[in-house]
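So you can see what is in the structure, the chains are spelled out below.
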Amino acid sequence: MNFVDIIEKKKNRLELSEEEINYWIEEYCKDNIPDYQVSALLMAITINGMSDLETFYLTKAMTNSGDTLDFEGIEGIKVDKHSTGGVGDKTSIALMPILATCGVKVAKMSGRGLGYCGGTVDKLESIPGMNVFLSKEDLTKQVNEIGIAMMGQTSNLCPADKKIYALRDVTSTVGSNPLIVSSIMSKKLACNDDVIVLDVKYGSGAFMPTVEDATKLAESMISIGKYFGKNICACISSMEEVLGRAVGNALEVKEAIDTLHGKGPEDFTELVLESGSLLLSQAGLYSKEEALKKMKENIDNGKAAELLKTMIRYQGGDERVVDDTSLLPEAEYITEIRAERDGYIVKMPASMIGLMSMELGAGRVNKDDIIDPSVGIVLNKKVGSYVKKGEVIAFIHHNRELSEAFMEKAHKMAKIQDEKVNPVELIEKIVY
Ligand code: URA
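Quick caveat: nothing in here was measured; it's all calculated off a predicted structure. (Residues numbered from 1 in each chain as written. Predicted model: local features only at pLDDT ≥ 70, side-chain atom pairs only at ≥ 80, totals over all residues. Heavy atoms only, no water.)

Asker: Can you help me understand the overall build of the protein chain in this one?
Answerer: Assigned secondary structure in the protein chain consists of 16 helices and 13 strands. If you line up the protein chain on its principal axes, its C-alpha atoms span 65 × 50 × 40 Å. Burial status across the protein chain gives 56% buried among its 432 residues. When the accessible surface of the protein chain is totalled, it reaches about 17,900 Å², and 49% of it is carbon and sulfur. (Helix = DSSP H or I, 4+ residues; strand = E, 2+ residues; numbered from the N terminus. Buried < 20%, exposed > 50% of the residue type's maximum accessible area, 1.4 Å probe, protein only. Areas by Shrake-Rupley, 256 points an atom, 1.4 Å probe, with all protein chains shown as cover.)

Printed below as a string of structure tokens:
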């Protein structure tokens, strides 16, 4: 097979065969096709798209490019929730322990953050001592004993995605639907869970700018999941503003713990309960109403927080953080950002706050950057709030001196006006 012919075919909008796609993925993983040729193909795909069948073949080839987990030794219904990425998205840390107290099994593999979207693994690592590298045997044993384990992706999970994603990042081909679908779904399918709920984000802090774009992406991921026989659905949720109030690794863990104690921010608690009850009803264990009741019950009776504690202990971390969040890393300084006038907050773009938090050291610009777990931003007000001049809008947690340019941005992060606006609707719809 000649790779130039494959590029040529896609350039001319022709459908690639399964053999051609397998050849691309297998040979690229063996370093037999150079990056510049794969870059050309990625650009042709970005411009001309892929059919559902091509996307299915690509997802399958990427899934099979490395290890797949069979979870053979794990009894019960295995579930996963996947977010397409957002600012302040600590959902998994609060949601997964609640789900595991409701009778499903959680063997969750999460990614690290790149850019302003934080990764669950980085957040978990802000818990002192927490080990996010588990062997397959330890993972299986832990899930069988306590119902839950949360860890990083093994190094050989979908190696094709690792190589292709790195190339997409530098060739302006990240925003292509079939490439996003195959990238996300190959990793989900390699983990072999029974039930998957996707949280597809739209808005200023997400890949997808509009509800329509997010819905299209969700439909494509669902259709690929169904091709593989998965029980899968998606909620479409807003990333116009930060989810909850905290952005930054330890700050987000604290907020997830507060939520497990029933004291989380309203919007974040809503997303946890809605996506969780959707997942439990998809799993066929409860109706949506029963699932909601059960989840709330296990928050109120302390079972969910207790399970997070047990999971942290099993993974070598300091479980006391669940009862005393001051044991999490804390920044040396907290600077308050105050409102410059009276009025309603009409905008606080998630992307801007994500970028500012990254600048403080909470995120990575390059994949080898070391992050500071203690820094970030905690919002004291959300979109729709009325503020008086001088009231605190946000707290900046930092270890380095804040530059003038940073402070200028911080003072502009909330747009305040006289007219009232309605807060952003968090969950737009569910797609099956
Ligand atoms: N997350 C992924 O893992 N891959 C993408 O392409 C986009 C988001």
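Still more to cover.
Asker: What's the story with the environment of serine 39 in this structure? I'm lost.
Answerer: Positionally, serine 39 belongs in helix α3 (residues 35-48). Setting aside chain neighbours within four positions, we find serine 39 in contact with Leu167 and Thr171. (Contact = heavy atoms within 4.5 Å.)

Asker: Help me understand unusual backbone geometry, please; the structure alone is not making it clear to me.
Answerer: Glycine aside, negative phi is the norm for most residues, and most peptide bonds take the trans geometry. At aspartate 31, a position not held by glycine, the phi torsion is positive, near 60 degrees. Within the secondary structure layout, aspartate 31 lies in the loop between α2 (18-29) and α3. Even without being a glycine, serine 172 presents a positive backbone phi close to 55 degrees. Position of serine 172 among the secondary structure elements: in the loop between α8 (159-169) and α9 (177-191). Residue serine 172 is classed as exposed on the basis of its relative accessible area of 62%.

Asker: So what exactly am I meant to see when it comes to α3 here?
Answerer: Within an α-helix, residues lying three or four positions from one another point in the same direction, as the helix has 3.6 residues per turn. Spanning 14 residues, α3 covers 20 Å between terminal C-alpha atoms, matching the ideal 20 Å at 1.5 Å per step. Of all the residues in α3, the buried ones are Gln37, Val38, Ser39, Leu41, Leu42, Ala44 and Ile45. The secondary structure elements touched by the buried residues of α3 are α1 (3-11), α2, α8 and α9. Of the residues flanking the end of α3, it is glycine 49, one or two places downstream, whose phi is positive at about 75 degrees. (Expected span 1.5 Å × (residues − 1).)

Asker: How should the sheet that holds strand β9 (residues 376-379) be read in this particular structure?
Answerer: Picture the strands of a sheet paired through backbone hydrogen bonds; they go either parallel or antiparallel. A sheet is described by the order of its strands in space; here four strands give the open sequence β6-β9-β11-β7, paired in antiparallel fashion. Each edge of the sheet is formed by a strand with only one pairing partner; in this case those strands are β6 (246-247) and β7 (333-338). With six bridges joining them, β7 and strand β11 (residues 392-398) adopt antiparallel strand pairing. Residue pairing across strands places threonine 335 opposite isoleucine 396, the latter belonging to β11. Relative to β9, helix α15 (residues 350-360) is tilted by about 140 degrees, and along the sheet it contacts β6, β9 and β11. (Pairing = 2+ DSSP bridges. Axes fitted to C-alpha atoms, helices over the stretch in contact; angles between N-to-C directions.)

Asker: In this structure, what is going on with the site of the ligand? I would like to understand it.
Answerer: Taken together, Tyr165, Arg168, Ile180, Ser183, Ile184, Lys187 and Phe207 make up all the residues around the ligand. Residue arginine 168 places a side-chain N or O atom 2.9 Å away from an oxygen atom belonging to the ligand. In this structure, a nitrogen atom belonging to the ligand sits 2.6 Å away from a side-chain N or O atom of serine 183. Across the complex, the protein chains shield 88% of the 240 Å² of accessible surface that the ligand would expose by itself. With four residues, the single largest contributor to the shell around the ligand is α9. The class makeup of the residues in the shell around the ligand is four nonpolar, one polar and two charged. (Near = heavy atom within 4 Å. Polar contact = N/O pair within 3.5 Å; in protein donor to acceptor, adjacent residues only side chain to side chain. Nonpolar A, V, L, I, M, F, W, Y, C, P; charged D, E, K, R; others polar.)

Asker: Please clarify how the sheet that holds strand β1 (residues 79-83) should be interpreted in this entry.
Answerer: With respect to topology, four strands assemble into an open sheet ordered β1-β4-β5-β13, the strand pairing being mixed. Two strands bound the open sheet, and with one partner strand each, they are β1 and β13 (427-431). Across this sheet, the average inter-strand angle for adjacent strands is 15 degrees, counted without regard to direction. Pairing geometry for strand β5 (residues 231-238) and β13, over four bridges, is antiparallel. In the strand pairing of β13, isoleucine 236 is matched with lysine 429. Sitting on the sheet, helix α10 (residues 211-227) touches β4 (195-202), β5 and β13, and the angle it makes with β5 is about 165 degrees.

Asker: Whenever I open this one, helix α4 (residues 52-63) confuses me. Can you help?
Answerer: Taking 1.5 Å as the rise per residue, α4 with 12 residues should run 16 Å; its terminal C-alpha atoms sit 16 Å apart, in good agreement. Of all 12 residues making up α4, nine are buried, and the element is well covered by its neighbours. Within α4 the residues assigned to the buried category are Glu54, Thr55, Phe56, Tyr57, Leu58, Thr59, Ala61, Met62 and Thr63. Elements in contact with the buried residues of α4: α1, α2, α8, α9 and α10.

Asker: Help me understand the pairing of β9 in this model?
Answerer: Two faces, one strand: in a regular strand the side chains alternate between the faces of the sheet. Alternating residues of β9 divide into Gly376 and Val378 and Ile377 and Leu379, and every residue in both groups is buried. Across four bridges, the pairing between β9 and β11 is antiparallel. Across the sheet, leucine 379 pairs through a bridge with alanine 394, a residue of β11.

Asker: Any chance you could explain the packing of aromatic side chains here in plain terms?
Answerer: How two aromatic rings sit relative to each other is given by the distance of their centres and the angle of their planes. Taken as a whole, this structure holds four aromatic pairs when the rule is applied. Through pairs of rings, three or more aromatic residues link up here, namely Phe56, Tyr57, Tyr227 and Phe228. Between lysine 90 and the ring centre of phenylalanine 268, over which it is positioned, the NZ or CZ distance is 5.2 Å. The ring of tyrosine 28 carries the charged tip of lysine 163 above its face, separated from the ring centre by 4.4 Å. (Phe/Tyr/Trp six-rings, centres within 6.5 Å; stacked < 30°, edge-to-face > 60°. Lys NZ or Arg CZ within 6 Å of the ring centre and 35° of its normal.)

Asker: What exactly am I supposed to notice about the side chain of aspartate 161 here?
Answerer: With respect to the element layout, aspartate 161 can be found in helix α8. For aspartate 161, a relative accessible area of 5% puts it in the buried group. For aspartate 161, the side chain forms a polar contact with the side chain of lysine 187, separated by 3.0 Å. In contact with aspartate 161, other than residues within four places in its own chain, are Met62, Ser183, Ser186 and Lys187.

Asker: Mind showing me how you'd approach the nonpolar core here?
Answerer: Soluble, globular proteins show a tendency: their nonpolar side chains are buried together. Core analysis: the biggest nonpolar cluster contains 80 residues, and Leu99, Ile148 and Ile377 have the highest contact counts within it. Contact partners of isoleucine 148, with chain neighbours within four places excluded, come to Met96, Pro97, Ala100, Val106, Gln142, Val143, Leu307 and Met311. Listed in part, the 44 residues of the second largest apolar core include Leu16, Ile21, Ile180 and Ile224. (Core = buried A, V, L, I, M, F, W, Y, C linked by side-chain atoms within 4.5 Å.)

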